[in-house]
Amino acid sequence: MDEPQALAAFAALSQETRLRIVRLLVQAGPEGMAAGAIGKAVDDATTSRLSFHLTHLEHAGLIQSRRNGRYIIYSAVYSALAGLVGFLMKDCCQGHPEICAPAIAALTCACDPTLTEKATAPALADQRTLT
């Protein structure tokens, strides 16, 4: 991800409703959610207001839509979200991987507690040696 893409993504995420929508779609997984369900989940947003926010997020490349019969299904673009995190963390370590360990541990999928434990153990060990 380059700087203009990151700026567009951050601009899209800097509004409360749009941030809620992205977080909701991340939780929904790859199957996504219908626009009506998204509207109900984010304070019963009006159709025009919701459409505005969804369009803004889609233009920023953070979500995508597909038609399923009468419904429009929206889902998170995980590669774009990962690219945004990667953009922020790109030069984080400066040759010191222990600096990035807590951030990497925080990004470990919470769906599998064994992965979280494995990722946080080295980070905690590194923090103990630094103090």
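Each remark here, short or long, concerns the structure printed above.
Fair warning: this is a prediction, and the values are worked out from it, not measured in the lab.

**Student:** Sorry if this is basic, but what is going on with the packing of helix 2 (residues 16-28) against helix 4 (residues 47-59) here?
**Tutor:** Between two packed helices, the angle of one axis relative to the other and the distance separating the axes together describe the packing. Contact pair helix 2 / helix 4: the axes reach a minimum separation of 10 Å and the direction vectors enclose 70 degrees. Viewed along their axes, helix 2 and helix 4 adopt a mutual orientation that is roughly perpendicular. Handedness of the crossing formed by helix 2 with helix 4: right-handed. Contact with helix 2, carried on its side by Thr 17, Arg 18, Ile 21 and Val 22, involves Arg 49, Leu 50, Phe 52, His 53, Leu 54, His 56 and Leu 57 of helix 4 and no other residues of that element. Of the residues in the contact of helix 2 with helix 4, the class split is six nonpolar, three polar and two charged.

**Student:** Can you help me understand the pairing of strand 2 (residues 63-68) in this one?
**Tutor:** Along a regular strand, successive side chains alternate from one face of the sheet to the other. The pairing of strand 2 with strand 3 (residues 71-76) spans six bridges and is classified as antiparallel. Across the sheet, residue Asn 68 finds its bridge partner in strand 3, namely Tyr 71. Hairpin connection from strand 2 to strand 3: two residues lie between these consecutive antiparallel strands, with Gly 69 at a positive phi of about 65 degrees.

Criteria and cut-off values
- Throughout this description, residue numbers start from 1 for each chain and increase along the sequence as written.
- Whole-chain, interface and lining totals are the exception, using all residues; otherwise, since this is a predicted model, local features are given only for residues with pLDDT of at least 70 and side-chain atom pairs are given and counted only at 80 or more.
- The side-chain values count all of the structure's non-hydrogen atoms but skip hydrogen atoms and water molecules.
- Axis definition: a line fitted to C-alpha atoms, over the contacting stretch in the case of helices. Angles run 0 to 180 degrees between N-to-C directions.
- Here a strand is any run of E in DSSP of at least two residues, a helix any run of H or I of at least four, and the numbering for each starts at the N terminus.
- To sort the angles, those under 35 degrees are grouped as roughly parallel, those over 145 as roughly antiparallel, those from 65 to 115 as roughly perpendicular, and the leftovers as oblique.
- Take the far helix as the reference: if the near one is turned anticlockwise from it by less than a right angle, the crossing is left-handed, and if turned clockwise, right-handed.
- Note on definitions: a residue-residue contact is assigned when non-hydrogen atoms from the two residues lie within 4.5 Å.
- Any residue outside Ala, Val, Leu, Ile, Met, Phe, Trp, Tyr, Cys, Pro, Asp, Glu, Lys and Arg is labelled polar, Gly included; the first ten of those are nonpolar and the last four are charged.
- For two strands to pair, DSSP has to find at least two bridges joining them.

Interpretation note: all reported values are geometric properties and have no functional meaning in isolation.
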